Amino acid sequence: MKSKFFSMLLVTGSMLFSSVAFAAGMDVPNIKAKQVMSGLENPWDMAFTSGGDMFYTEKCKGLSVRLKNGKTHAVYGMSGSKGYASAGKDLFCEGQAGMLGVELDRDFNKNRTLYLYSTSKKYHGSGCKTNFEKCDGNIVMKFKVSKSLKKVSNRTDIVKDIQYKPFKSNQPFGGPGAHNGGRIRMGPGGYLWVGTGDRHRGLCPQDNSLLCGVVLRIDGDGNAHPDNAIDGDKRIYTYGHRNVQGIDFRPSDGRAFTAEHGPWHNDEITALSNGGNGGWDPHEKRAGRSACPDKYCGYEPNQKDGMIPAVRAAYTPMSDTRFDDLMTPAWNNNGYSQGTGSAAFLKGSNWGIYEGRLAAGIMGIAFGGTPGGLRIDMYDIAADGMSMKSVVHMPVGMEKRFRGLRMGPGNALYATTDEGDVFRIEASNR
Ligand SMILES: [Ca+2]
């Protein structure tokens with residue numbers, strides 16, 4: 001018995017050794033998620049100072065900062081918020097809308113500039129009386145941040161005319177405030193990229209006089225990048241999107257990629273091309289379609305129930321091939337929609353073989369036979385941005401609605417969840 005036990009130990013030991021050696025050869029990192037904050041109310045986005053302080057938004061409350069030492073300060077609230085150093089009386093939340101993206105200027109240490117995306121009633125003007133007119137309800141603000149990081153001042157509204165959905169419509173998830181996009185990221189050359197949503201208005205994504213269903217590329221004052229190639233509002237970089245909540249830039253070449261949540265079919269990750277068309281066109285009476293409820297075909301032809309994703313996709317495709325300027329997605333989730341909504345490229349050698357891959361948060365609750373998807377996936381995108389080499393689940397050991405992803409201090413990936421948490425996901429070489 002003794003010798004048998006000993007030989008078993010030897011076998012186990014050598015298997016263990018070889019699996020470690022294999023892992024080391026592959027440089028697969030050890031990944032651990034640690035809870036940084038909990039009990040928040042719909043935390044949406046984060047932005048980090050070079051010193052490791054974290055600004056974060058809560059959709060219906062406002063902007064706060066968690067200092068590196070763990071203390072938090074409520075900085076800029078929504079209308080009716082309490083305990084914030086100051087507040088915007090015009091800012092409100094409703095449905096999916098509210099305070100969403102936050103970003104710091106790349107020269108933040110010098111200019112103390114912070115950008116913030118929110119819903120505002122300030123520019124409604126004579127619009128917003130029905131769902132079928134221009135309704136300026138989402139804005140991008142610019143602030144100066146105090147040295148203590150406790151206060152902001154000098155608010156300037158640099159984009160005032162991003163569309164908003166004011167009223168309920170006859171759609172699934174059809175309440176007011178649907179599809180606002182809301183992610184802001186500073187890209188190459190110090191320009192701001194802003195994702196917007198189609199706000200359940202059929203004509204939005206393909207009408208380039210309107211800032212809905214597009215990605216903007218603008219400077220810190222809200223002016224168009226001089227090279228934007230769009231035929232339309234020159235602030236637009238790409239159009240034909242559904243609801244851009246994920247945007248980041250590939251470290252190897254600076255190319256912008258979006259992650260989009262499909263309408264029960266075809267989540268997409270797409271390499272953007274200047275002036276390109278994402279191919280989403282939920283307008284009624286186009287491409288062989290007839291009239292749709294509230295002139296929006298985004299959930300047709302059978303909007304209330306689950307159905308074969310391919311049938312729905314054929315009716316209103318996420319990337320309609322009838323467009324000559326279509327940006328073909330690198331990935332479409334095998335035709336499913338599980339709620340791809342935020343994205344960040346993994347930076348740092350601590351990520352081992354995953355360094356340079358795109359991480360995306362998936363929020364799917366499982367519907368109509370679609371497998372659920374409460375996870376973070378890592379995407380190995382082909383160099384030309386036209387296809388996906390592999391997709392693997394990040395082993396974070398939990399299922400959550402991952403709403404916001406962002407690289408933070410120590411090359412860790414930070415994640416906000418709809419459940420109210422902020423996680424720090426660390427990767428280390430064994
Ligand atoms: Ca598309």
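Not measured: the values here are computed from a predicted model.

What counts and what doesn't
- Residues numbered from 1 in each chain as written.
- Predicted model: local features only at pLDDT ≥ 70, side-chain atom pairs only at ≥ 80, totals over all residues.
- Pairing = 2+ DSSP bridges.
- Helix = DSSP H or I, 4+ residues; strand = E, 2+ residues; numbered from the N terminus.
- Axes fitted to C-alpha atoms, helices over the stretch in contact; angles between N-to-C directions.
- pLDDT = per-residue confidence, 0-100.
- Contact = placed C-beta atoms within 7 Å.
- Buried ≥ 20, exposed ≤ 12 C-beta atoms within 10 Å, placed from the backbone.

As for the sheet that holds strand E16 (residues 256–260)
Think of a sheet as strands paired side by side through backbone hydrogen bonds, with each pair either parallel or antiparallel.
Part 1 of the reasoning: Taken in spatial order, the 3 strands of this open sheet run E15-E16-E17, and their pairing is antiparallel. If you trace the sheet from one side to the other, it starts and ends with strand E15 (244–249) and strand E17 (268–271), each paired once. Strand after strand, the sheet turns through a mean of 20 degrees between neighbouring axes, direction not considered.
Part 2 of the reasoning: As judged from the 5 bridges shared by E15 and E16, these two strands associate in the antiparallel manner. Each residue of the ladder has a partner; that of Val244, found in E16, is Glu260.

Describing the sheet that holds strand E19 (residues 358–364)
Part 1 of the reasoning: Strand order in the open sheet made by the 4 strands is E18-E19-E20-E21, with antiparallel pairing throughout. Since the sheet does not close on itself, it has two edges, and those belong to strand E18 (340–345) and strand E21 (388–393), each with one partner. Across the sheet, the axes of successive neighbouring strands diverge by a mean angle of 25 degrees, strand direction being ignored.
Part 2 of the reasoning: Bridging between E18 and E19 involves 5 bridges; their strand directions are antiparallel. Residue pairing in the sheet places Ser342 in a bridge with Gly361 of E19.

Focus on the confidence of the model for the chain
Part 1 of the reasoning: The predicted model of the chain has a mean per-residue pLDDT of 93, with 94% of residues at 70 or higher.
Part 2 of the reasoning: Here helix H1 (residues 2–26) stands out as the least confident element of the chain, with mean pLDDT 44; strand E8 (residues 113–119) is the most confident, with 99.
Part 3 of the reasoning: Of the regions scoring below 50 in pLDDT, residues 1–21 engages in 1 contact with residues more than four places distant in sequence or in other chains.

Structural notes on the pairing of strand E3 (residues 54–58)
Part 1 of the reasoning: By the criterion of burial, E3 is predominantly enclosed, with 5 of the 5 residues buried.
Part 2 of the reasoning: Taking every second residue as pointing to the same face, both faces of E3 are buried, with Met54, Tyr56 and Glu58 on one and Phe55 and Thr57 on the other.
Part 3 of the reasoning: Two elements, strand E2 (residues 43–48) and E3, share 4 bridges in a ladder whose sense is antiparallel. Note that in E3 the partner of Pro43 across the bridge is Glu58.
Part 4 of the reasoning: Here E2 folds back onto E3 in antiparallel fashion, the turn holding 5 residues, of which Gly52 has a positive phi close to 95 degrees.
Part 5 of the reasoning: Two elements, E3 and strand E4 (residues 62–66), share 5 bridges in a ladder whose sense is antiparallel. Its bridge partner lying in E4, Met54 is registered against Arg66.

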